[in-house]
Amino acid sequence: MDLHGKVAVVTGSGRGLGLGYARALAAAGAAVVVNDVDQDAVDAAVATITAAGGRAAGVVAAVGDSAAAEELVETAVREFGRLDVLVTNAGILRDRVLWKMTDEDFDDVVRVHLRGTFTCARAAAARMREQGTGGRLVLISSPAGQRGNFGQTNYAAAKAGVVAMARTWAMELGRAGITVNAVVPVAATEMTKTIPAFAPVIEEAERTGSPLPDWLRKDEGLGTVEDVAGLITFLASDASDGVTGQAIGIGGDRLALWAHPKEKAVAFADGGWSADMIAAHWPGGVGAEAETYGIPAPQAPVA
């Protein structure tokens with residue numbers, strides 16, 4: 001995949017998945033603006049990319065405010081002349097069950113994931129429209145945003161909102177040639193190591209250097225950071241022209257297209273529905289096959 005001549009901003013790219021995205025884009029030829037709240041992480045990421053022959057600049061900022069978004073776009077234009085790709089990856093976790101989650105826990109996560117995606121995408125879209133040559137917005141979501149997840153009210157709500165924004169912006173920016181997609185990644189990171197079923201397998205693979213087992217890569221769709229990065233490079237490229245408004249899953253050996261919400265079952269009653277009518281109809285009617293919710297618990301194969 002050839003991205004020479006393109007310029008990308010990747011938020012939260014000092015480590016983990018974000019760093020993997022930035023390195024993959026740079027390896028394909030794009031100039032990259034690296035972002036993190038940690039100066040050392042930014043410096044190390046820029047050094048890694050440039051040492052491999054890529055071009056990179058760094059911005060230390062916490063996404064959320066408009067000022068940070070504008071600084072990211074301005075850095076891309078100042079250092080490399082334009083902006084073609086935005087990957088909104090920055091995020092934090094403040095996991096707690098509903099009755100223990102504080103206002104700050106909720107606001108902090110929504111500020112980075114949801115508001116940060118909004119402010120950065122707005123600044124990037126304005127620049128791309130001004131350039132008049134199209135562009136790519138790649139918004140990072142999560143399985144939690146598609147299905148919900150225990151203890152992640154704030155995170156799941158924000159990530160669901162990210163997918164909703166991708167669908168909306170795909171409509172609004174289509175005439176400008178700007179595509180907008182949400183990516184739903186699953187990879188072995190510090191966060192997934194906290195999942196009991198995954199932790200020992202990931203730790204063993206890291207200790208021995210052996211690949212993750214097939215059941216993890218295929219059944220659970222969980223692999224390495226590098227396994228996810230190919231989708232980001234594809235969506236940043238001209239090869240993805242026409243792909244927009246989608247939520248695309250990637251992880252391990254699995255590539256998936258997530259369905260958009262739609263009516264599953266419909267019934268009609270002349271004059272409308274009373275509470276008693278709904279109660280009588282529900283078990284064998286519209287509610288006969290209720291939807292599942294939550295991320296299914298991982299199942300390791302029985303020896």
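Residues numbered from 1 in each chain as written. Predicted model: local features only at pLDDT ≥ 70, side-chain atom pairs only at ≥ 80, totals over all residues. Heavy atoms only, no water.

### Looking at the overall build of the chain
This is how the line gets drawn: Comment: elements are numbered from the N terminus, with helices defined as DSSP H or I runs of at least four residues and strands as E runs of at least two. For the radius of gyration, the atoms used are the C-alpha atoms, and the globule rule reads 2.2 Å times the number of residues raised to 0.38. Each residue gets one of three labels from its accessible area relative to the maximum for its type: buried under 20%, exposed over 50%, partly exposed in between, using a 1.4 Å probe on protein chains only. Each accessible area value is a Shrake-Rupley result obtained with a 1.4 Å probe; residue values ignore everything except the protein chains displayed when judging cover. Counted as positive: Lys and Arg. Counted as negative: Asp and Glu, with His and the chain ends omitted from the count. By convention, charge coordinates are those of NZ in Lys, CZ in Arg, CG in Asp, or CD in Glu.
Scanning the chain from terminus to terminus reveals ten helices and eight strands. Over its C-alpha trace the chain gives a radius of gyration of 21 Å, about what one expects of a compact globule, namely 19 Å for 303 residues. The principal-axis extent of the C-alpha atoms belonging to the chain is close to 65 × 50 × 40 Å. Counting the 303 residues in the chain, one finds 47% classified as buried. Summed over its atoms, the accessible surface of the chain is roughly 15,300 Å², and 54% of this surface lies on carbon and sulfur atoms. The positive charge centre, built from 26 side chains, and the negative charge centre, built from 36, are 3 Å apart in the chain.

### Re helix α9 (residues 225-236)
We count it as follows: Residue count minus one, scaled by 1.5 Å, sets the expected span of a helix. Two residues qualify as a contact provided that any one of their heavy atoms is within 4.5 Å of a heavy atom in the partner residue.
Taking 1.5 Å of rise per residue, the twelve residues of α9 would be expected to cover 16 Å, and the 17 Å separating its terminal C-alpha atoms lies within 8% of that figure. Lining the buried residues of α9 we find α1 (16-27), β4 (85-88), β5 (135-140), β6 (178-185), β7 (247-251) and β8 (254-257).

### Details of the pattern of salt bridges
Which entries qualify depends on this criterion: Here, a salt bridge means any Lys or Arg side-chain nitrogen found within 4 Å of an Asp or Glu carboxyl oxygen.
Across all of its chains, the model carries 16 salt bridges by this definition. Arg15 is the partner of Asp38 in a salt bridge, and the nearest nitrogen-oxygen pair spans 3.3 Å. With Asp38 in the loop between β2 (31-36) and α2 (39-51) and Arg15 in the loop between β1 (7-10) and α1, this pair connects stretches of sequence that are 23 residues apart. In this structure, the salt-bridge partner of Glu291 is Lys264, at a minimum N-O distance of 2.7 Å. With Glu291 in the segment after α10 (275-281) and Lys264 in the loop between β8 and α10, this residue pair connects regions lying 27 residues apart in the sequence. For Glu291, a relative accessible area of 57% corresponds to the exposed category. Three or more residues are tied together by salt bridges with common partners; here these are Asp214, Arg217, Lys218, Asp227 and Asp253.

### A few points about the sheet that holds β8
Quick note on the threshold: Paired strands, as defined in this entry, are two strands with at least two bridges between them according to DSSP. Here an axis means a line fitted to C-alpha atoms, over the contact stretch when the element is a helix, while the angle between two N-to-C directions is reported on a 0 to 180 degree scale.
What the eight strands build is an open sheet, ordered β3-β2-β1-β4-β5-β6-β7-β8; its pairing is mixed. The open sheet terminates on both sides in strands that have one partner only, identified here as β3 (55-60) and β8. For this sheet, the mean inter-axis angle between neighbouring strands, taken without regard to orientation, is 20°. Sheet strands touched by α1: β1, β2, β4, β5 and β6. Its angle to β1, the strand with the most contacts, is close to 175°. Strands β2 and β3 of the sheet are contacted by α2, whose axis makes an angle of about 175° with β3.

### Here we look at a negative patch on the surface
So the rule is basically this: Note on patches: the residues involved have over 30% relative accessible area and no salt bridge, like charges join within 9 Å, and the nonpolar side chains Val, Leu, Ile, Met, Phe, Trp and Tyr join within 5 Å.
The grouping of Asp103, Glu104, Asp107 and Asp108 at the surface amounts to a negative patch. Its place among the elements puts Asp108 in helix α4 (residues 103-131). Residue classification places Asp108 among the partly exposed residues on the basis of a relative accessible area of 34%.

### Considering a nonpolar patch on the surface
On the surface, Trp273, Met277, Ile278 and Trp282 cluster together into a nonpolar patch covering about 390 Å² of accessible area. Within the secondary structure, Ile278 is located in helix α10. Using a relative accessible area of 38% as the deciding quantity, one classes Ile278 as partly exposed.

### Looking at the pairing of β5
Basically, it comes down to this: Orient the strands so they point away from the viewer, and a crossover whose first-strand-to-second-strand path over the helix runs clockwise is right-handed.
Of all six residues in β5, six are buried, a share of seventy percent or more. Strand direction decides the pairing type here: β4 and β5, joined by four bridges, are parallel. Residue pairing for β5: Thr88 is matched across the bridge by Leu139. The parallel pair β4 and β5 is bridged by α4, and the resulting crossover is right-handed.

### Describing the nonpolar core
This is how the line gets drawn: Joining through side-chain atoms within 4.5 Å is the link that ties buried Ala, Val, Leu, Ile, Met, Phe, Trp, Tyr and Cys residues into a set, and such a set is a nonpolar core.
Counting residues in hydrophobic clusters, the biggest one holds 37 residues, and the most contacted among them are Leu137, Trp169 and Val180. Counting residues per element, the ones that place at least two in this core are β1, β2, β3, α3 (66-80), α4, β5, α6 (153-173) and β6. Ala26, Ala28, Val34 and Ile248 belong to the second-largest nonpolar core, a separate cluster that totals 32 residues.

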